[in-house]
Amino acid sequence: MNRTELPVTKYHGCGNDFVIVHARDVQNLDWPQLAVALCDRHTGIGADGFIVVCTDPLEMVYYNQDGSRAPMCGNGIRCFSAFCLDEGLVQDQVFDVETMAGTKTVARLQDGTFRVMMGQPDFSRETIGTPFQVDHYLLNDHEITSFFMGTIHTVVFTDNAMGNIEIPGSEICHASLFPEQTNVNFVEVVDSGHLRVQTYERGCGVTLACGTGVCASAYQAWREGLTGPHVDVELRRGSLHIDIEDGTVFMSGPAVRIMKGVFYL
Ligand SMILES: N[C@@H](CCC[C@H](N)C(=O)O)C(=O)O
């Protein structure tokens, strides 16, 4: 049997892993279906998400492991940017990337890490699809605040962010309050410049890191006066740095290429 060879590359950002392909190589394929096949950890390559790289204009199209589309991915956009530089799609060290959550400006720093302008949060209930603004709302014994930070996020402060978050994360993610579901971030304040975060992701479950989730967590901690505008955020595999400047969130962190090869369709 002749099977088609699809060129694929895999990257990770703090353990949040992605399969990345050129749009030209998947033009006639069903992208959500492909996401499910490639991200399967037993019968595929295995990843939290699938990224299609479109050019002219440069655009990141993002799918979760379950094939659902998401407007943005923080770790994904750093990996997307590394891919574009590695593949020679961009030459500049600063460039714009289109996403469903708007244009993001990315800069490759001297040490090879990436700094991304992630934009400003949006607290309106219309944007996250809830019947009312979710600000310090009590749900299943958790005090939650939800808003849009590139995608839909809920922040829950806790004494132990690194505990088992599978059940509470899943319950909040799938609560009827959120018709489009929500990513759920469990956030521990270590000191005014240091957080610990673990995230239950919509369309994927618990991941080792979530970039937009880290941005949401740092913003909410700063909004509540628990931290300053510059924080290091410790994750299960690595850390990200967040700066809040005039209400705009900037995320800095690594992107690592893991493999390049072909996937048999
Ligand atoms: N891992 C991501 C977020 C991916 C999208 C999310 N699961 C959603 O459906 O909104 C990140 O690093 O931001």
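Residues numbered from 1 in each chain as written. Predicted model: local features only at pLDDT ≥ 70, side-chain atom pairs only at ≥ 80, totals over all residues. Heavy atoms only, no water.

Explanation requested: the domain arrangement of the protein in the structure shown.
Frequently, the measure chosen for interface size is the accessible area that the parts lose on association. Here the domain parsing of the protein yields domain 1 (5–119 + 253–264) and domain 2 (125–241). The distance between the C-alpha centroids of domain 1 and domain 2 comes to 23 Å. Each partner contributes to the interface: domain 1 provides 21 residues, whereas domain 2 provides 20 residues. Taken together, the two surfaces of domain 1 and domain 2 that pack against each other cover about 1,300 Å², and 57% of this comes from carbon and sulfur. Linking domain 1 to domain 2 there are zero salt bridges. Counting residues per element, the ones that place at least two in the side of domain 1 that touches domain 2 are α2 (74–86) and β8 (114–119). It is α2 that provides the largest number of residues to the side of domain 1 that touches domain 2, a total of three residues. Its residues assigned to classes, the side of domain 1 that touches domain 2 comprises eight nonpolar, ten polar and three charged. (Domains from an automatic or database assignment. Contact = heavy atoms within 4.5 Å. Buried area = accessible area lost by both parts, 1.4 Å probe. Salt bridge = Lys/Arg side-chain N within 4 Å of Asp/Glu carboxyl O. Helix = DSSP H or I, 4+ residues; strand = E, 2+ residues; numbered from the N terminus. Nonpolar A, V, L, I, M, F, W, Y, C, P; charged D, E, K, R; others polar.)

Is there a simple way to think about the pairing of β8 in this case?
One face of the sheet, then the other: side chains in a regular strand alternate in exactly this way. Two elements, strand β7 (residues 102–108) and β8, share three bridges in a ladder whose sense is antiparallel. When the sheet's bridge partners are listed, Arg108 is paired in β8 with Phe114. Hairpin connection from β7 to β8: five residues lie between these consecutive antiparallel strands, with Gly112 at a positive phi of about 90°. Bridge count between β8 and strand β17 (residues 248–253): five bridges; the pairing is antiparallel. Among the inter-strand pairings, Val116 is bridged to a residue of β17, identified as Met251. (Pairing = 2+ DSSP bridges.)

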